[in-house]
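Chain residues, written in single-letter form:
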Amino acid sequence: MKETRDKVKHLRRDFDRDTLTEAQTPENPLELFGEWLDEALESEIKDPNAFVLSTYANGEVDSRVVLIREFSEEGIQFFTNYGSQKGKELAENPQAAINFFWADLDRQIRIKARIEKLDEAISDDYFNSRPRESQIGAWASQQSQTLGSREELEKRVEEYAAQFEGKEVPRPEFWGGYLAKVYAYEFWQGRESRLHDRIVYESKDGNWLKKRLYP
Ligand SMILES: Cc1cc2nc3c(=O)[nH]c(=O)nc-3n(C[C@H](O)[C@H](O)[C@H](O)COP(=O)(O)O)c2cc1C
């Protein structure tokens, strides 16, 4: 343990891969978001589509990793169990923070968004595109509920597999997508000597206002 504490205290690295100048930031932050996501997808990074989703409800902040599945001017889409902890928190307070961190690119994107449920047709399309095992898993998992044992989960998987044998697996009503409607972005590019570049965009009356922050 002491060794780990020493290691973590002294671990350092330099950030010197890239820059983020004003000239590199378009009027519309979605373009930059798309560029950075694409570079992450094209790199060798594992789970480049993963982001931390933070929620706030009943006086507590909570966070977990989920996967981006689609994005557009409308917002960022992700999919989950509506009855999960995050689902309950979002029903209580549809306000969220999103954080993408791509260590190999020395980049972070922080996002503030209002969350709403996606249209059922979009959730159906996405659910239908998933591997059958994941579809059955969605039925079997009462995500974030207490589970007595691993065996109990495996038994539920077997039961649903039997129930849907030879049939298409329909999307459970309790499973689907959310749309994160973004109103603020911060693009962070690591730089030398901790003098990082930080460019923030904030939505104001239908326009994006841009500013630079101290690192
Ligand atoms: C790389 C990664 C990707 C994940 N993607 C998803 C996802 O897209 N949807 C999801 O519901 N959970 C996903 N999870 C699991 C969540 O982090 C979390 O454990 C789960 O959604 C329950 O969270 P909750 O109790 O806050 O609702 C992922 C976890 C990891 C580590």
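Data block above holds the structure.
Within each chain, residue numbers correspond to sequence positions counted from 1 in written order. In view of the model being predicted, local features appear only for residues whose pLDDT reaches at least 70, and side-chain atom pairs are presented and counted only at 80 or more, with totals across whole chains, interfaces and linings using the full set of residues. Excluding hydrogens and water, the side-chain values take into account all heavy atoms of the structure.

Draft legend 1. Fine view of the site of the ligand. As a matter of local geometry, the ligand sits amid Asp47, Arg64, Val65, Val66, Leu67, Phe79, Thr80, Ser84, Gln85, Lys86, Gln143 and Ser144. In protein, a polar contact means a hydrogen-donor-capable atom and an acceptor-capable atom, both N or O and within 3.5 Å, with residues adjacent in sequence counting only if both atoms are side-chain atoms; elsewhere, any N or O pair within 3.5 Å suffices. At a separation of 2.7 Å, an oxygen atom of the ligand approaches a polar side-chain atom of Arg64. Thr80 has a polar side-chain atom sitting 2.6 Å from an oxygen atom of the ligand. Alone, the ligand offers 610 Å² of accessible surface; in the complex the protein occludes 63% of this. Only DSSP runs of H or I covering at least 4 residues are called helices, and only runs of E covering at least 2 are called strands; the numbering of each starts at the N terminus. Element by element, the count of residues in the shell around the ligand is highest for strand S2 (residues 60–67), at four residues. The residue makeup of the shell around the ligand, split by class, is four nonpolar, five polar and three charged. Note on terminology: near, applied to a residue and a molecule or strand, indicates that one of the residue's heavy atoms is within 4 Å of it. Exposure was quantified through the Shrake-Rupley algorithm and a 1.4 Å probe, taking into account, for residues, occlusion by the shown protein chains and nothing else. Each residue is assigned to one of three groups, with Ala, Val, Leu, Ile, Met, Phe, Trp, Tyr, Cys and Pro labelled nonpolar, Asp, Glu, Lys and Arg labelled charged, and all others, Gly among them, labelled polar.

Draft legend 2. Summary view of the environment of Tyr178. Note that Tyr178 resides in strand S7 (residues 175–189). Considering only alpha carbons, one finds Tyr178 and Ile122, 56 residues apart in sequence, at a separation of 9.9 Å. Contact between two residues is taken to exist if any of their heavy atoms lie within 4.5 Å; hydrogens are not considered. Excluding residues within four positions of it along the chain, Tyr178 makes contact with Ile76, Gln77, Phe78, Thr80, Tyr82, Gly87, Leu90, Ile115, Glu116, Lys117 and Leu118.

Draft legend 3. Quick look at the side chain of Gln189. You can see Gln189 is positioned in strand S7. Within the structure, Gln189 has its side chain in polar contact with the side chain of Arg107 (distance 2.7 Å). Gln189 has contacts with Asp18, Thr19, Leu20, Trp36, Leu105, Asp106, Arg107, His196 and Asp197, leaving out every residue within four places of it along the chain.

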